[in-house]
Amino acid sequence: MKWPPIIENARLPMWMRLRDFVLTLLAWLVLLYLLRDMMTAGGYWVLDRFGIEHPVPPWPAGKILRDLAPFMGVVLLLVGWLAAFALVRWRRLIDTREALSQPDPLEPAVQADALGLSRTDGSALQDSRVMVVHLREDGTVSGVEPRGPDRPAG
């Protein structure tokens, strides 16, 4: 697999964009709900640092920090791991030359020979938008019948 993957701006249906927006919003709301105590503790900490009067926190002094310490340790460990991973692989992560480089296209005659087609069948394969392809037992192409509005079946 080539890295980094080149993801182009595709035209997605509106329902798909709306679905992605709603699911992303729900994920953020769930995350904020789960972190509500930590955000409240952070708010009280900021008020204390600036010397602003505030009501008494809803927990005993130091208890919330003691309860959050293991969680914060895991968070710091994961952030450190991600940062180390990004630094070690930085050049590979930003290098798009491999993903953007494409081999030269095959000549139509070479492609027809590789598929086991005659040159006329190969050119019909490239010119026609709709076709019936006949296969042999071994999986190679035995013939191509172009079909379409200008070429009826028969």
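Predicted model, so just to flag it, every value in this text is computed and none were measured.

A. Region of the structure containing the overall build of the chain. A count of helices and strands for the chain gives seven helices and two strands. Listed N to C, the secondary structure of the chain is α-α-α-α-α-α-α-β-β in terms of helices and strands. Counting across all 154 residues of the chain, residues that qualify as buried make up 10%. With an accessible surface of roughly 13,200 Å², the chain has 66% of that area assigned to carbon and sulfur atoms.

B. Molecular detail of the confidence of the model for the chain. Looking at the chain as a whole, its pLDDT mean stands at 80, while 87% of the residues score no less than 70. The least confident element of the chain, judged by mean pLDDT, is helix 5 (residues 97-100) at 69; the most confident is helix 1 (residues 14-34) at 93.

C. Fine view of the layout of surface pockets. The volume enclosed by the largest pocket comes to roughly 330 Å³. Lining the largest pocket are 16 residues, and of these Ala 41, Trp 45, Trp 59, Ile 64 and Leu 65 lie nearest its centre. Mapped by element, the contributors of at least two residues to the lining of the largest pocket are helix 2 (36-49) and helix 3 (63-88). When residues of the lining of the largest pocket are assigned to their parent elements, the largest contribution, six residues, is made by helix 2. Here the lining of the largest pocket is composed, by residue class, of twelve nonpolar, three polar and one charged.

D. Structural context of the nonpolar core. Residues Ala 41, Tyr 44, Trp 59, Ile 64 and Leu 68 constitute the largest nonpolar core, which totals five residues. Looking at this core, the elements with two or more residues in it are helix 2 and helix 3.

Thresholds applied
- Residues numbered from 1 in each chain as written.
- Predicted model: local features only at pLDDT ≥ 70, side-chain atom pairs only at ≥ 80, totals over all residues.
- Heavy atoms only, no water.
- Helix = DSSP H or I, 4+ residues; strand = E, 2+ residues; numbered from the N terminus.
- Buried < 20%, exposed > 50% of the residue type's maximum accessible area, 1.4 Å probe, protein only.
- Areas by Shrake-Rupley, 256 points an atom, 1.4 Å probe, with all protein chains shown as cover.
- pLDDT = per-residue confidence, 0-100.
- 1 Å grid on protein atoms, 1.4 Å probe; cavity = no way out; pocket = protein on both sides within 12 Å on 5 of 7 lines; lining within 4 Å.
- Points joined across faces, edges and corners; volume = space filled by probe spheres on them.
- Nonpolar A, V, L, I, M, F, W, Y, C, P; charged D, E, K, R; others polar.
- Core = buried A, V, L, I, M, F, W, Y, C linked by side-chain atoms within 4.5 Å.

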